[in-house]
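Coordinates in review
Each chain, letter by letter, is given below.
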Amino acid sequence: MRAAPECYPCFFTQILKTGRLLCLSQEQMQEAISRFCLKLTQTSPQDTPAGMGRDLYLILSEMSGVQDPYREIKERCTRLALELYPDLKKRVARAEDPLKEAFLIAVAGNFIDFGTNEQVDIKTGLKEILNQHFLIDHTAELRAELKQAREILMLGDNAGETVFDRILIEELGKPVRYVVRESPMINDAVREDAEMAGIDRVAEIVSSGCVAPGTIREYCSPDFWRELSRADLIISKGQGNFEGLSDEPLPIFFLLKAKCLPVAREIGVPKGGILLLKSPHFP
């Protein structure tokens, strides 16, 4: 997916929001904006929003000396999600279709995103999404692929959301390798975040080698990209991974909430819609 005109004001909003979190001065934030504007002059029409976001957060990290500004927020979100875990497990157990309910719970966790949301209320957001239906629902196609797959590669997204992913992993009935970012990027999950959510109890945690708010070929490690290319089946969580992988010929299903207009328009759903989408480039 390519960056749309609406992406640019969002980038500058993120600079201001994260700059305030880092307690940058007005002068420092102006410098960050100037440096990012210079980066924009070097971009191409083929660049993804996630790739451009990478440049933005690397500038802020370099200027502040803080590698993980959202660490405390990520830990708080994970603790809150863990409090909900027992009730959500009961909900899955009671469901007429436990696997589909687990998909819905996993996508509900995708609203935990400080790149697109100013405030995150986990309980309220979860309740709202659990009352929705998938606007694109390729559950049947995914079930068929699950029967054939020996192993699943699941691409994680945000910390806290990892708890909801754990519930899905526990329903898949196949070995899962759970993919995290190499190092902190906004509130995206790294290994420590996944372990705090208990993912290591149900899956093998691996790094993509990528330092970006998404999975982007040019920033992934060569070993991981080879693994991705050879995967039996991939379940991709969130917008950033969709932005980086939507044009790749991979056996991938996207599970996300369309939180912004450019992504919603790219997919063809209203903003705020949830979807389980088989990639049109599925080999």
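To keep things clear, this report deals only with the structure shown in the data block. (Residues numbered from 1 in each chain as written. Predicted model: local features only at pLDDT ≥ 70, side-chain atom pairs only at ≥ 80, totals over all residues. Heavy atoms only, no water.)

On to the overall build of the protein, then. Helix and strand counts for the protein come out as 12 helices and 7 strands. Taking the principal axes of its C-alpha atoms as reference, the protein extends roughly 55 × 40 × 35 Å. Per-residue burial over the protein gives 56% buried out of 283 residues. Of the charged side chains in the protein, 35 are positive and 42 negative; the average position of the first set lies 3 Å away from that of the second. (Helix = DSSP H or I, 4+ residues; strand = E, 2+ residues; numbered from the N terminus. Buried < 20%, exposed > 50% of the residue type's maximum accessible area, 1.4 Å probe, protein only. Lys, Arg positive; Asp, Glu negative; His and termini not counted. Charge placed at Lys NZ, Arg CZ, Asp CG, Glu CD.)

Take the pairing of strand β5 (residues 233-237) next. Most of β5 sits inside the fold, with 5 of its 5 residues counted as buried. The side-chain alternation of β5 yields two buried faces, one formed by L233, I235 and K237 and the other by I234 and S236. Sheet analysis places strand β2 (residues 152-155) next to β5, joined by 4 bridges and oriented parallel. What sits directly across from M154, in β5, is I235. In this structure, β5 lies alongside strand β6 (residues 252-257), joined through 4 bridges in parallel fashion. Within the sheet, the bridge partner assigned to S236 lies in β6 and is F254. (Pairing = 2+ DSSP bridges.)

What follows deals with the pattern of salt bridges. Scanning the entire structure with this criterion turns up 21 salt bridges. A salt bridge links E227 to R177, with the shortest nitrogen-to-oxygen separation between them at 2.3 Å. Taken as a pair, E227 in helix α10 (residues 222-230) and R177 in strand β3 (residues 176-180) lie far apart in primary sequence, 50 residues in all. Taking the relative accessible area as the measure of exposure, E227 reaches 23% and is therefore partly exposed. Its salt-bridge partner being R226, residue D223 comes within 2.1 Å of it at the nearest N-O pair. In this pair, D223 and R226 both sit in helix α10, 3 residues apart, roughly one turn of the helix. A residue is classified by how much of its surface remains accessible, and D223, at 56% relative accessible area, is exposed. Taken together, the shared-partner salt bridges in this structure form one network comprising D68, K74 and D193. (Salt bridge = Lys/Arg side-chain N within 4 Å of Asp/Glu carboxyl O.)

This part covers the packing of aromatic side chains. As enumerated under the stated definition, the model contains 5 aromatic pairs in all. Between the aromatic rings of F11 and F36, the centroid separation amounts to 5.5 Å while the plane-to-plane angle is 70 degrees, which identifies the pairing as edge-to-face. Placement of F11 in helix α1 (residues 7-21) and of F36 in helix α2 (residues 26-40) is noted, with a sequence separation of 25 residues between them. One exposure class covers both F11 and F36, and it is buried. (Phe/Tyr/Trp six-rings, centres within 6.5 Å; stacked < 30°, edge-to-face > 60°.)

Note on placement: K237 falls in strand β5. The buried category is assigned to K237, whose relative accessible area is 0%. Within polar-contact distance, the side chain of K237 engages the side chain of E161 at 2.7 Å. Apart from residues lying up to four places away in sequence, K237 is in contact with A106, V107, L155, G156, D157, E161, D165 and L255. (Polar contact = N/O pair within 3.5 Å; in protein donor to acceptor, adjacent residues only side chain to side chain. Contact = heavy atoms within 4.5 Å.)

Here we come to the packing of helix α5 (residues 98-108) against helix α8 (residues 161-172). Running from N to C, α5 and α8 point in directions that differ by 165 degrees, and their axes come no closer than 8 Å. Viewed along their axes, α5 and α8 adopt a mutual orientation that is roughly antiparallel. Judged by the twist between their axes, the crossing of α5 over α8 is left-handed. Packed against α5, whose contacting residues are P98, L99, A102, F103, I105 and A106, the element α8 presents E161, F164, D165, I167, L168, E171 and L172 at the interface. (Axes fitted to C-alpha atoms, helices over the stretch in contact; angles between N-to-C directions. Parallel < 35°, antiparallel > 145°, perpendicular 65-115°, else oblique. Left-handed = near helix turned anticlockwise from the far one by under 90°.)

Glancing now at α10. When we look at burial in α10, the residues that qualify are F224, W225 and L228. Buried residues of α10 fall within an arc of 100 degrees about the axis and therefore sit on the same side. The exposed residues of α10 that point more than 90 degrees off its buried face are P222, D223 and R230. Among the structural elements, β2, β3, β4 (204-207), β5 and α11 (239-245) are those in contact with the buried residues of α10. (Arc of directions from axis to C-beta.)

This brings us to the nonpolar core. Residues F103, L168 and L172 are the most contacted members of the largest nonpolar core, which totals 68 residues. For this core, the leading source of residues is α5, giving 8 residues. When near neighbours in sequence (up to four residues on either side) are disregarded, L172 contacts L99, F103, L146, I152, M154 and I235. Counting 29 residues, the second largest nonpolar core, distinct from the first, contains F224, L228, L256 and V269. (Core = buried A, V, L, I, M, F, W, Y, C linked by side-chain atoms within 4.5 Å.)

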